[in-house]
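Single-letter residue listing:
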Amino acid sequence: MSKTGFKDVDFGATPKKQMDTPPDSPEKTTHPKNFPIQRKKPENIITSHAAHPSQDHPGDGHKRNVSWAGLGHDLTIPVSPTSHNTIERRVSRNSFGTSLPIPKSKRQSRLSSVTYPVEIRDALRDGKLGVAQSGPSRTILTSQVQDVLAHKVAAAKNMAFVFDIDGVLVHGDRLIPQGKRTLEMLNGDNELGIRIPHIFLTNGSGKPEKARTEQLSHILKNPVSTEQFIQSHTPMRALAEYYHTVLVVGGEGYRCREVAEEYGFKDIVVPNDIVAWDPSIAPYRVFTDEERASSRPRDFSQVHIDAILVFSDSRDYATDMQIIVDLLRSEKGRLGTLAADPVSSRIPIYFSQGDLLCPTEHPVPRMSQGAFRIGLEAMYKALTGVELERVVYGKPELATYKYADEVIASWMDALHGEERVPGNVYMVGDNPASDIVGGNMYGWNTCLVRTGVFQGGENDDQNPANFGVFENVWEAVTAACRKELGEDFGFRWDERVVNPVMHDMHAASAVEV
């Protein structure tokens, strides 16, 4: 059994033979379709396997066979023994079956890292939030309750929730009302006074994690820590070890450059830098003086770009697609060149997620990064006659769920001093094509809500949620808690029930009335 409590996936295939390259020497790893990727070669290599997992789904008594489609090739990803970000191979659903690198450094999860905006901090101090208050008397009371109800405490520590954000807890910057109460209950406003582990796993992107958690804390009126939060591009920080000069695409202004800098990338180029160097590369672009002043132009005809990283939704499809296609058709990532064989000279391109649609404040979901990728793939094939091989992170990619395992375990350690993944994990999402299909294939319990992308019938026909469909996040979470903690589980902390003084006062008051 794995640490999640589910059967380990048997990937069955034989790994490729490791290449005999001296440590730290330059290497060009060639994909079976002649897709070259520049790597430095550390001492260790971990290789991947094609996968056809089969898992027992917990709790339903039926054998479920699940598989990741589109596998069949391997891409060697090195592991650096000296790095703080040790990389581990993962199996992926990507077009050429690559196993994605993800960060493996131990996350420094501490409750002091929780983001508390001023208004939430004041409300907690004044007792105006449903989030469980702390203090000597509360600590004593919760300890007494948890001693008496030890079996429920054990069950609460053996479950965890993974929340999508947009369409589940918020619509853009607008709170979905049930989201606030759900998080208050999970943060301790329940009969046990216990914090039930939960993390946030979103295909959203485009901001540093700290800025996004501060924004969410403000909207949700509940504390959100960077250590329980995964954006679509969070695992892509691992790529900083292998690519020196990268083109980073998407997001508002230069925020994605800031994200890449935080991740440790050394030489970051954004499309505006290239337009500032040569405006003719995007003939229809209106380039403002402000954009020019904040760009970093140089002679890109002399720069070799090692990889393209689409971190977030493009704000300028025409310019971004033009520059990306130019680089994909260039001689090893040098603008102004046109490779005789674009396949053998092509640099790799990574997308942080693949969602076609995203729920917003608009009544109909809007196009997302997946739509940009589909357009780019069609354009590339029309120009070259070959399919574009690319790598996609985010849900429903397996690498992202594996990374979520590590975040859950680390957050469990921060909350309860137990670094492990609980046996009963519930994914709550609104998108069957990402949240639900990924959770199903990873062996999680999946809950589909009607507050976002999904607006269908009893369940999604192609990717049904295995735990059920619910009107909103509160209905999903309380149903899961009743299943794991009992039908009588209380979703409020009531000090009058456990505090003898307050209980007597309440009883006397009732008699007087």
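The written sequence of each chain sets the order in which its residues are numbered from 1. Reporting of local features is limited, given that this is a predicted model, to residues whose pLDDT is at least 70; pairs of side-chain atoms are given and counted only at 80 or more, and all residues count toward the totals for whole chains, interfaces and linings. Calculation of side-chain values draws on the structure's entire complement of heavy atoms; hydrogens and water are dropped beforehand.

Draft legend 1. Structural view of the overall build of the protein chain. The secondary structure content of the protein chain amounts to 15 helices and 25 strands. Here, two residues are considered to be in contact whenever any of their heavy atoms come within 4.5 Å of each other. When contacts within the protein chain are restricted to residue pairs at least 6 apart in sequence, those whose partners lie at least 24 apart make up 67%. Summed over its atoms, the accessible surface of the protein chain is roughly 21,800 Å², and 52% of this surface lies on carbon and sulfur atoms. In DSSP terms, a helix is any run of H or I states spanning at least four residues, a strand is any run of E spanning at least two, and both are numbered starting from the N terminus. Residue exposure ignores everything except the shown protein chains as possible cover, and the areas themselves are Shrake-Rupley values with a 1.4 Å probe.

Draft legend 2. Region of interest: the packing of helix α11 (residues 398-416) against helix α12 (residues 432-442). Relative orientation of the contacting elements α11 and α12 amounts to 70°, with a least axis distance of 10 Å. Relative to α12, the element α11 is oriented roughly perpendicular. The chirality of how α11 crosses α12 is right-handed. Between α11 and α12, the contacting residues are L398, Y401, K402 and D405 on the first element and S434, D435, G438, G439 and Y442 on the second. To obtain each axis, a line is fitted to C-alpha atoms, and for helices this fit is confined to the stretch in contact; angles are then taken between N-to-C directions over 0 to 180 degrees. When describing relative orientation, an angle under 35 degrees is termed roughly parallel and one over 145 degrees roughly antiparallel, while 65 to 115 degrees is termed roughly perpendicular and anything else oblique. When the near helix sits turned anticlockwise from the far one by under a right angle, the crossing is termed left-handed; a clockwise turn instead gives a right-handed crossing.

Draft legend 3. Seen up close, the sheet that holds strand β25 (residues 468-470). When DSSP finds at least two bridges between two strands, those strands are taken to pair. One open sheet accounts for 6 strands, arranged β15-β13-β10-β23-β24-β25; its pairing is parallel. Each having just a single partner strand, β15 (229-230) and β25 make up the two edges of the open sheet. Those strands touched by helix α4 (residues 177-186) are β10 (159-163) and β13 (198-201), and its axis lies near 150° from that of β10. The sheet contacts of α11 involve β10, β13, β15 and β23 (424-429), and relative to β13 the element is tilted by about 150°.

Draft legend 4. Summary view of the pattern of salt bridges. When a carboxyl oxygen of Asp or Glu lies within 4 Å of a side-chain nitrogen of Lys or Arg, that pair is called a salt bridge. Considering all chains together, one arrives at 24 salt bridges under this definition. Linking D164 and K395 is a salt bridge whose minimum nitrogen-to-oxygen distance equals 2.9 Å. Taken together, the positions of D164 in the loop between β10 and β11 (170-171) and K395 in the loop between β22 (391-392) and α11 put the pair 231 residues apart, joining distant regions of the chain. K395 carries the same exposure label as D164, and that label is buried. Among the ionic pairs, R420 bridges to E418, the shortest N-O distance being 2.9 Å. Exposure categories follow from relative accessible area, calculated using a 1.4 Å probe and restricted to protein chains: below 20% of the type maximum is buried, above 50% is exposed, and the middle band is partly exposed.

Draft legend 5. Main features of the packing of aromatic side chains. For Phe, Tyr and Trp, where Trp contributes only its six-membered ring, two rings pair if their centres lie within 6.5 Å, and the inter-plane angle classes them as stacked under 30 degrees, edge-to-face over 60, or tilted in between. Under the counting rule described, the total for this entry stands at 16 aromatic pairs. Plain terms: the ring middles of Y442 and W444 are 5.4 Å apart, the flat faces sit at 80° to each other, and that makes the pair edge-to-face. The class for Y442 is buried, based on a relative accessible area of 8%. Residue classification places W444 among the buried positions, given a relative accessible area of 0%.

Draft legend 6. α4, seen in detail. Along α4, 7 of the 10 residues are buried, which leaves the element largely enclosed by surrounding structure. Taken together, the buried positions of α4 are occupied by G179, R181, T182, L183, E184, M185 and L186. Of the surrounding secondary structure, the elements contacted by the buried residues of α4 are β10, β13, α5 (209-220) and α13 (473-485). G188 sits one or two residues past α4 and shows a positive phi near 130°.

Draft legend 7. Just a nonpolar patch on the surface, in detail. Only residues above 30% relative accessible area that lack a salt bridge enter a patch, with like-charged residues linked at up to 9 Å and the nonpolar side chains Val, Leu, Ile, Met, Phe, Trp and Tyr linked at up to 5 Å. Residues Y317, L356, L357, M367 and I374 make up a contiguous nonpolar surface patch of about 460 Å² in total accessible area. On the secondary structure map, L357 appears in strand β20 (residues 357-358). Overall, L357 belongs to the partly exposed group, its relative accessible area being 33%.

Draft legend 8. Examining the pairing of β23 more closely. Counted residue by residue, β23 has 6 buried out of 6 residues, so it is predominantly covered. By the alternation rule, side chains of β23 split into N424, Y426 and V428 and V425, M427 and G429, which are all buried. Pairing of β10 with β23 involves 5 bridges; the strand directions are parallel. Each residue of the ladder has a partner; that of F161, found in β23, is Y426. Note: β23 against strand β24 (residues 445-449), 4 bridges, orientation parallel. Considered in β24, the bridge of Y426 is made with N445.

Draft legend 9. Looking closely at the sheet that holds strand β17 (residues 267-269). Across the sheet, 5 strands lie side by side as β17-β16-β18-β19-β22; this open sheet has parallel pairing. Looking at strand neighbours, the two that pair on one side only are β17 and β22, the edges of this open sheet. Strand direction decides the pairing type here: strand β16 (residues 245-249) and strand β18 (residues 307-310), joined by 4 bridges, are parallel. Residue pairing for β18: L247 is matched across the bridge by I308. Docked against the sheet, helix α10 (residues 369-384) engages β18, β19 (349-351) and β22, running at close to 150° with respect to β19.

Draft legend 10. Structural context of unusual backbone geometry. Cis geometry is adopted by the peptide bond preceding P396, which originates at K395 and carries an omega value of 10°. Tracing the backbone through its elements, the reader meets P396 in the loop between β22 and α11. Residue K221 is not a glycine yet carries a positive backbone phi of 55°. Locating K221 in the fold gives a position in the loop between α5 and β14 (224-225). On the accessibility criterion, K221 (30% relative accessible area) is partly exposed. For K332, which is not glycine, the phi dihedral falls at a positive 55°.

Draft legend 11. Looking closely at the side chain of D355. For D355, the location among the structural elements is in the loop between β19 and β20. Charged residues are defined narrowly, with Lys and Arg counted positive, Asp and Glu counted negative, and His plus the chain ends left uncounted. It is K395 that comes nearest to the buried, bridge-free D355 among opposite-charge side chains, at 6.1 Å. N or O atoms within 3.5 Å of each other form a polar contact, as long as, within protein, one can give a hydrogen and the other can take it, and as long as residues adjacent in sequence are counted only when both atoms are side-chain atoms. In this structure the side chain of D355 is engaged in a polar contact, spanning 3.4 Å, whose partner is the side chain of S434. Residues within four places of D355 in sequence aside, it is in contact with N203, S368, Q369, G370, A371, K395, N431 and S434.

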